[in-house]
Amino acid sequence: MRTKQFKSESKKLMDMMINSIYTHKEIFLREIISNSSDAIDKLYFLSLTDQKVGIKPDEFKIEIKIDKENRTLTVADNGIGMTEEELDKNLGTIAKSGSFDFKAQNEKDDKIDIIGQFGVGFYSTFMVSDKVTVESKAYGSDSAFRWTSSGADGYTVEPCEKEGVGTTVIMHLKPDTDDEKYSEFLDQYKIQNLIKKHSDYIRHPIVMEFTSKKPVEGKENEYEDVTELKTLNSMVPIWKKAKKDVKDEDYNNFYKEKFSDYQDPLAVIYSSTEGTATYKALMFIPKHPPFDYYTKEYEKGLQLYSKGVLIMDKCADLLPDYFSFVKGLVDSEDLSLNISREMLQHDGQLKLIEKTLEKKIKSELEKMLKNEREKYEEFFGAFGTGLKFGVYNDFGMHADTLKDLLIFKSSKEKKFVTLKEYVEAMPEGQDAIFYACGETEERIDLLPQCDAVKDKGYDIIYLTENVDEFCLMMLREYNGKKFMNVCDENLNLDSEEEKKELETENNEAKEMFEVMKETLGGKVNAVRFTNKLKNHPVCLTSEGGISLEMEKTLNAMPGAEEKIKAQLVLEINASHKIADKLKRLYKDDPETLKKYAKLLYGEACLIGGKPIDNPGEHSELVCELMV
Ligand code: ADP
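Rules used in this analysis
The residue count restarts for each chain, going from 1 along the sequence in the order it is written. Selection of residues for local features in this predicted model requires a pLDDT of at least 70, selection of side-chain atom pairs for listing and counting requires 80 or more, and totals for whole chains, interfaces and linings are taken over all residues. Side-chain descriptors were evaluated using all non-hydrogen atoms of the structure, hydrogens and water having been removed beforehand. Working definition: with a 1.4 Å probe on protein chains only, accessible area under 20% of the residue-type maximum means buried, over 50% means exposed, and in between means partly exposed. For the purposes of this entry, the term helix denotes a DSSP run of H or I that reaches at least four residues, the term strand denotes a run of E that reaches at least two, and both are numbered from the N terminus. By arc we mean the arc of the directions from the helix axis to the C-beta atoms, nothing more. For this document, the term salt bridge refers to a Lys or Arg side-chain nitrogen within 4 Å of an Asp or Glu carboxyl oxygen. Start and end positions for the domains come from either an automated domain assignment or a database one. Residue contacts are defined here by distance: any two heavy atoms, one from each residue, within 4.5 Å place the two residues in contact. Buried surface area refers to the total accessible area, computed with a probe of radius 1.4 Å, that the two partners give up upon joining, counted for both partners together. Expected span of a helix, by definition, is 1.5 Å for each gap between consecutive residues, and there is one gap fewer than residues. Helix axes are fitted only over the stretch in contact, all axes being lines through C-alpha atoms; the angle between N-to-C directions runs from 0 to 180 degrees. Whether a crossing is left-handed or right-handed is set by the direction in which the near helix is turned from the far one by less than a right angle, anticlockwise for left-handed and clockwise for right-handed. Throughout, the ten residues Ala, Val, Leu, Ile, Met, Phe, Trp, Tyr, Cys and Pro are labelled nonpolar, Asp, Glu, Lys and Arg are labelled charged, and all others, Gly among them, are labelled polar. Any pair of Phe, Tyr and Trp rings, taking the six-membered ring for Trp, is counted once the centres come within 6.5 Å. Such a pair is stacked with planes under 30 degrees apart, edge-to-face with planes over 60 apart, and tilted for the rest. Remark: a charge is flagged as sitting over a ring if the NZ atom of Lys or the CZ atom of Arg is within 6 Å of the ring centre and within 35 degrees of the ring normal. Residues belong to one nonpolar core when they are buried, are Ala, Val, Leu, Ile, Met, Phe, Trp, Tyr or Cys, and are joined through side-chain atoms within 4.5 Å.

## Observations concerning helix H1 (residues 8-18)
And step 1. Every buried residue belonging to H1 is among Ser10, Leu13, Met14, Met16 and Met17, and all of these are buried. Down the axis of H1, the sector holding all buried residues measures 160°, keeping them to one side.

Structure, rendered in structure tokens:
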């Protein structure tokens, strides 16, 4: 018989398991039972439509056997089984699809984490066994096969005798050491507890021959060993239990096992509805986005069950895109068991469920925002970007649904505020919601344009993500208050008198500004005096819809062929000494005025975080001034 090699990544994983110092080795049992349960689900599903299966619904079971003499623990199921090829393919390679970027993880060599993170499936048996045998007969096949491996050296597959359809996994436990007592997995009470702890909700009975001392009838103080077949799990799926009967820990464990996460969920959402749509839903908000969350590979969706039977693993239609971070399942009485994917899409019942789930998720998030602010901020840190895209996408169709779920850091208290809180705290006279864009809060605070707004006592919302400004543009206003970029040319903070005064000054300097504008050769739309700068001499503002930040973002997008340009205005502080200097130069030394125009534009670019077009020229001009 030829010994086959594991695929290289499986071999690595196997090595890792064999030498594992992971402290929760007991999870191997949960993994094996979960595989058995899946295999039974598959055959059960077939049996609903195919008479030939020949197993009655109540005959499906998972059987555990303890053999102390031979140091083996056996888990047998009468599920769908595996063919010779499937044994080879499924147990010779890592099957964990998607959730497992093995190479990337391995480079970090964070062995413990890998086990906790992904559960690692079948291979986890090698944490406790030095030899594993799998005997399996696939449904529809006459012959059975035995897969055997004693570790990373490889495995063999050979024909064997096996009566019924299904799979039997025989684990030969490692010898005990000073630190590890593997023989505890030969203790019936230990096994019973493990099943209760990790696998209680499994839908099929997990049975084990249980031996206990019972009083002998009619004789006092005499006991005898009685062996009986016991069902170890309650078999009620966790989502069918009333919320009050389930411990948080149970929900958390269920989530981690089912959705391959190593952390507890941030929130559990349970919903049970009867009436127009009858279903039970158990949903989770993860603490952190899955590694592929912000890529095209990420698939949203909830598991869909019909009367307790899994009919679809990721039903995308149940979740709107902006809530795609939600994990979980829905079990409905209303759906037909053999409904096809195509038909599901048009199923009115499913649409109804989607609508109610969406409302439920939203209201749970609102509750969290109101009552558990810190937790909500953690949530928003992980998934807020998705909500902002939700506002922006589909031409703002969902902006109304989502606007009250947004939070932004703001300048006054450097804390997160909702738009509602911002508007409610606006002092009299403030008629817009001010925001400023930049890479970080610190950089935004350095923007000269912020000063005038802060001086008025107005709060400023910090926008540090690319999507932020687009999101606000889509909203346009909140409760009648327009959004206003502090770098907008049209800030409108001055009194009527101040405005008039400025206008006169600007009119008087009109020709000088024309010269400066021409010198800058189309880089700015205009040059003018402003009142909004406190100590700074200059700044760049934008006219029209596109701000400096938007210009950066739009041009950085793939496929942005024609450069998009913000319409810039070079604004000069009317009460800064530089204003008088410019006026004098215009009269006495027009050539130097031109140089100053270039210098000031360069300064404004630097402050605004925009690259200088010609750094060499800028530096030369500065040096000329210095000498
Ligand atoms: P996962 O369960 O996450 O796919 P595993 O490594 O645990 O990964 O299992 C690999 C594959 O082997 C499973 O996807 C399944 O196809 C097959 N398998 C494992 N155990 C059984 C079983 N008891 N009956 C039938 N197939 C099984």
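## Things to note about the pattern of salt bridges
Any two side chains of opposite charge can pair, so long as their charged atoms come close to each other.
And step 1. Going through the model one piece at a time under the given rule, you end up with 46 salt bridges.
And step 2. As a salt-bridge pair, Lys300 and Asp321 come within 3.1 Å of each other at their nearest N and O atoms. Linking Lys300 in the loop between strand S10 (279-285) and strand S11 (302-306) with Asp321 in the loop between strand S12 (309-315) and strand S13 (327-332), this pair joins segments that are 21 residues apart in sequence.
And step 3. Taking relative accessible area as the criterion, Lys300 reaches 19% and is therefore assigned buried.
And step 4. For the salt bridge of Glu543 with Arg528, the shortest nitrogen-to-oxygen distance reads 3.5 Å. Here the residue Glu543 occupies a position in strand S21 (residues 538-543), and Arg528 occupies one in strand S20 (residues 526-530), the gap between them amounting to 15 residues.
And step 5. Look at Glu543 and you get partly exposed, because its relative accessible area is 24%.
And step 6. Sharing partners across several salt bridges, the network here consists of Glu26, Glu184, Lys190 and Lys197.

## Remarks on the domain arrangement of the chain
And step 1. Its domain assignment divides the chain into domain 1 (2-231), domain 2 (238-376), domain 3 (406-485) and domain 4 (496-626).
And step 2. Measuring from the centre of the C-alpha atoms in domain 3 to the corresponding centre in domain 4 gives 24 Å.
And step 3. Between domain 3 and domain 4, the residue contacts involve 15 residues of the former and 18 residues of the latter.
And step 4. For domain 3, the biggest contributors to the area lost against domain 4 are Pro448, Gln449 and Phe470; these three give 42% of the whole.

## Focus on helix H9 (residues 348-371)
And step 1. In this model H9 runs 35 Å from its N-terminal to its C-terminal C-alpha over 24 residues, within 8% of the 34 Å that 1.5 Å per residue would give.
And step 2. Of all the residues in H9, the buried ones are Leu350, Ile353, Glu354, Leu357, Glu358, Ile361, Glu364, Leu365, Met368 and Leu369.

## Digging into the packing of helix H15 (residues 466-475) against helix H18 (residues 548-556)
Axis angle and axis distance: for two packed helices, these are the angle between their axes and the distance between the axes, and together they describe the pair.
And step 1. Between H15 and H18, the shortest axis-to-axis distance is 9 Å and the interhelical angle comes to 115°. Judged by the sense of rotation from one axis to the other, the crossing of H15 with H18 is left-handed. In this structure, H15 contributes Asn466, Glu469, Phe470 and Met473 to the contact, and H18 contributes Glu549, Met550, Thr553 and Leu554.
And step 2. Its residues assigned to classes, the contact of H15 with H18 comprises four nonpolar, two polar and two charged.

## Considering the packing of aromatic side chains
And step 1. A complete count under the given rule lists 28 aromatic pairs for this structure.
And step 2. For the pair Trp147 and Tyr155, a centre-to-centre distance of 5.7 Å together with 25° between the ring planes defines the contact as stacked.
And step 3. Looking at Tyr155, the relative accessible area reads 3%, which means it is buried.
And step 4. Geometrically, the ring pair formed by Tyr293 and Phe383 is edge-to-face, given 5.3 Å between the ring centres and 85° between the ring planes. Of the two residues, Tyr293 sits in the loop between S10 and S11 while Phe383 sits in helix H10 (residues 373-392), which places them 90 residues apart along the sequence.
And step 5. The side chain of Arg203 reaches across the aromatic face of Tyr44, ending 5.2 Å from its centre.
And step 6. A cation sits over an aromatic face here: Lys409 above Phe416, 5.3 Å from the ring centre.

## Thoughts on unusual backbone geometry
And step 1. For Arg71, which is not glycine, the phi dihedral falls at a positive 55°.
And step 2. If you trace the backbone, Arg71 turns up in the loop between strand S1 (62-67) and strand S2 (72-77).
And step 3. Its identity is not glycine, yet Met235 carries a phi of approximately 70°, on the positive side.
And step 4. Its place among the elements puts Met235 in the loop between strand S8 (223-231) and helix H7 (248-258).
And step 5. Taking the relative accessible area as the measure of exposure, Met235 reaches 29% and is therefore partly exposed.

## Quick notes on the environment of Ala277
And step 1. Mapped onto the secondary structure, Ala277 falls in the loop between strand S9 (267-273) and S10.
And step 2. For Ala277 and Lys197, which are 80 residues apart along the polypeptide, the C-alpha to C-alpha distance reads 33 Å.

## Quick look at the nonpolar core
And step 1. Phe323, Phe325, Leu365, Tyr376, Phe379, Leu387 and Phe434 are the most contacted members of the largest nonpolar core, which has 74 residues in total.
And step 2. Taken together, domain 2 (238-376) and domain 3 (406-485) each give at least three residues to this core, which thus spans both.
And step 3. Once residues lying within four places of it in the same chain are set aside, the contact partners of Leu365 are Ile285, Phe323, Phe325, Tyr376, Phe379 and Leu405.
And step 4. In this structure, Val128, Val132, Tyr155 and Leu194 belong to the second largest nonpolar core, which totals 64 residues.

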